[in-house]
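Okay, here's what each chain looks like letter by letter:
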Amino acid sequence: MDGYLETLKKIISEKESIIGRKLTCQVTTFGCQMNARDSEKLLGVLSEAGFIETNSDDADFIIYNTCTIRDNANQRVYGRLGALKPYKKKNPSMKIALCGCMMQEETVVEKIKNSYGFVDLIFGTHNLFDFPRLLVEMYERDKYTEIWDDTDIIKEDLPVKRKYPFKSGINIMFGCNNFCTYCIVPYVRGRERSRKPEEIIEEIESLVKDGVVEIMLLGQNVNSYGNNLENPISFAKLLTMVEKIDGLKRIRFMTSHPKDLSDELIDVMASSKKICSHIHLPLQSGSTKILKAMNRRYNKESYLELVRKIREKMPDISITTDIIVGFPGETREEVLDTIDVIKKAEFDNAFTFIYSIRTGTPAAKMEQVDPEIVKEHFDMVLSVVQETAKKRTERFLGRTVKVLCEEANESDDTFIDGRMSSNTVVHLKGSKDLIGKIVDVKLTEFHGFYYTGELV
Ligand code: 5AD
Ligand code: SF4
């Protein structure tokens, strides 16, 4: 990697001396926390190579780190790409790159080549670690595409430029083996592979030395972490190792598949001083029949039993979830099952999605539901989600809680936005020097899904 980074630096500095200024770059992320973390590596490489970051569309290099979980993610990328064409016309030396999950689909790459021929570099999820070389190839050959079908390589040595100095995501595993029938992730992110615990601990220790107080352990299903290691270890054991790192204050993780959530994990969470009081536990559907068709490997009752067990040990924990409405064959009766679980589980928040057909997945071949009926069902679910989440999240009103101050409020910079351990957002009056600190805040007003509070 080093060799290519050096070559890249030379290429960029030659370009700088020709145009008489520093080159600018824009990194845009679509999708999940994993993509956000990957983008920090893209920006790390570009910064090291000499680029200055910008949000502007007239940058000298633009890269879109794409997502393909639902079709609207793809459409957003095409829309943004179309808007870049005039910029590229004005500045022919501008370079445009695409990477991420969408690029792992052959039909997408074909479409880009046919309809967006001005794109200069295309690569996928499996060779991001090779970004410096891929950039060199692009500058040397003008246009370059390299997509790998799969990989078992785990290489995490790119320079990273973090969005937040005080918090960071960290990949503990890659890929997914679950093949939920609606989901494209196993096809675009490959088979599940875990990083060694020593490597993870070392990376967190160095992040903490660099000022990080909160980390988020990332994986498509963290609950099956470690299964495929030479010396298998459970996710709960990994957490106990992470807990011991001095200076680290908060631990979060995403995402937990309900089928693999162990009693050991519940116990470790309940006794931890650092693991946040929040778990994201995607339900997808409350109907046992639909869950079976989705290949989720739990049912309505076992999901509710899991929630009961979690709340028995941690009564105040926030549980959030993902729900899909409109999976093939879903009837009103099954939507009512989902609504029943939402009411019983009392989620703090639920991300509700309309089912999106993904070519190549088993559900794409099943009989689809009429979009108008789906919309009706979606509205029914959404209104229950909003009502239940509001009722549940209101419990904090009047309490004094710990808040990690994250950034100045966008519309009023005399306010700081932060997060409680439960992941609930809090706005508090205060100056920017609070950013990165964990402070005590009395929650004075509840606004449906976030709080306003005062420093105490
Ligand atoms: N359609 C709609 N939502 C989907 N998700 C995954 N695949 C699809 C799809 N094809 C949702 C799931 C998952 C979240 C990240 O995205 O709820 O938990
Ligand atoms: Fe997709 Fe299911 Fe894997 Fe999550 S667990 S990434 S929903 S296949």
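Residues numbered from 1 in each chain as written. Chains lettered and ligands numbered in written order. Predicted model: local features only at pLDDT ≥ 70, side-chain atom pairs only at ≥ 80, totals over all residues. Heavy atoms only, no water.

1. So, the packing of aromatic side chains
Here is step 1 of the chain: Taken as a whole, this structure holds 16 aromatic pairs when the rule is applied.
Here is step 2 of the chain: Seen in terms of ring centroids, Tyr116 and Phe118 are 6.2 Å apart; in terms of plane orientation they differ by 75°. Their pairing is edge-to-face. Here Tyr116 and Phe118 have matching classes, each one buried.
Here is step 3 of the chain: Taking 5.7 Å as the distance between ring centres and 70° as the angle between the ring planes, the aromatic pair formed by Phe327 and Tyr355 counts as edge-to-face. Taken as a pair, Phe327 in the loop between strand 13 (318–325) and helix 12 (332–345) and Tyr355 in the loop between strand 14 (349–354) and helix 13 (371–393) lie far apart in primary sequence, 28 residues in all. Taken as a pair, Phe327 and Tyr355 share a single burial class, namely buried.
Here is step 4 of the chain: A network of ring pairs unites the aromatic residues Tyr78, Tyr116 and Phe118 as a single cluster.
Here is step 5 of the chain: Note that Lys111 overlies the ring of Tyr78, its terminal NZ or CZ placed 4.1 Å from the centroid.
Here is step 6 of the chain: Here Lys167 stacks its cationic end above the ring of Tyr164, 4.8 Å away from the centre of that ring. (Phe/Tyr/Trp six-rings, centres within 6.5 Å; stacked < 30°, edge-to-face > 60°. Buried < 20%, exposed > 50% of the residue type's maximum accessible area, 1.4 Å probe, protein only. Helix = DSSP H or I, 4+ residues; strand = E, 2+ residues; numbered from the N terminus. Lys NZ or Arg CZ within 6 Å of the ring centre and 35° of its normal.)

2. Some remarks on the site of ligand 2
Here is step 1 of the chain: Around ligand 2 lies a shell formed by Cys176, Asn178, Phe179, Cys180, Tyr182, Cys183, Val185, Pro186, Gln220, His257 and Arg296.
Here is step 2 of the chain: Looking at the shell around ligand 2 residue by residue, the classes come out as seven nonpolar, three polar and one charged. (Near = heavy atom within 4 Å. Nonpolar A, V, L, I, M, F, W, Y, C, P; charged D, E, K, R; others polar.)

3. Remarks on the side chain of Thr125
Here is step 1 of the chain: With respect to the helices and strands, the residue Thr125 is situated in the loop between strand 5 (121–123) and helix 5 (131–141).
Here is step 2 of the chain: Engagement of the side chain of Thr125 in a polar contact is seen with the backbone oxygen of Val188, the distance being 2.8 Å.
Here is step 3 of the chain: Setting aside chain neighbours within four positions, we find Thr125 in contact with Gly100, Cys101, Gln104, Val188 and Arg189. (Polar contact = N/O pair within 3.5 Å; in protein donor to acceptor, adjacent residues only side chain to side chain. Contact = heavy atoms within 4.5 Å.)

4. So, the domain arrangement of the protein
Here is step 1 of the chain: When its domains are assigned, the protein resolves into domain 1 (2–146), domain 2 (162–276), domain 3 (289–394) and domain 4 (397–455).
Here is step 2 of the chain: With nine residues of domain 2 in contact, the opposing surface of domain 4 contributes 13 residues.
Here is step 3 of the chain: Across the domain 2/domain 4 interface, buried area totals approximately 830 Å², and carbon plus sulfur atoms make up 53% of it.
Here is step 4 of the chain: The three residues of domain 2 that bury the most area against domain 4 are Phe166, Arg250 and Arg252, which together make up 58% of that side's buried surface.
Here is step 5 of the chain: Here domain 2 and domain 4 share one salt bridge between them. (Domains from an automatic or database assignment. Buried area = accessible area lost by both parts, 1.4 Å probe. Salt bridge = Lys/Arg side-chain N within 4 Å of Asp/Glu carboxyl O.)

5. Focus on the nonpolar core
Here is step 1 of the chain: Core analysis: the biggest nonpolar cluster contains 70 residues, and Ile204, Ile215, Leu217, Phe235 and Ile310 have the highest contact counts within it.
Here is step 2 of the chain: The greatest single-element share of this core, amounting to six residues, is contributed by helix 13.
Here is step 3 of the chain: When residues of this core are assigned to domains, at least three map to each of domain 2 (162–276) and domain 3 (289–394).
Here is step 4 of the chain: Sequence-distant contacts of Ile310, defined by excluding residues within four places in its chain, comprise Leu261, Ile266, Ile279, Leu281, Ile317 and Ile319.
Here is step 5 of the chain: Listed in part, the 28 residues of the second largest apolar core include Phe61, Leu135, Val136 and Met138. (Core = buried A, V, L, I, M, F, W, Y, C linked by side-chain atoms within 4.5 Å.)

6. Considerations on the environment of Leu128
Here is step 1 of the chain: The residue Leu128 is located in the loop between strand 5 and helix 5 in this model.
Here is step 2 of the chain: Counting along the chain gives 27 residues from Leu128 to Lys155, while the straight-line C-alpha distance between them is 9.4 Å.
Here is step 3 of the chain: In contact with Leu128, other than residues within four places in its own chain, are Asp38, Lys41, Leu42, Phe123 and Leu158.

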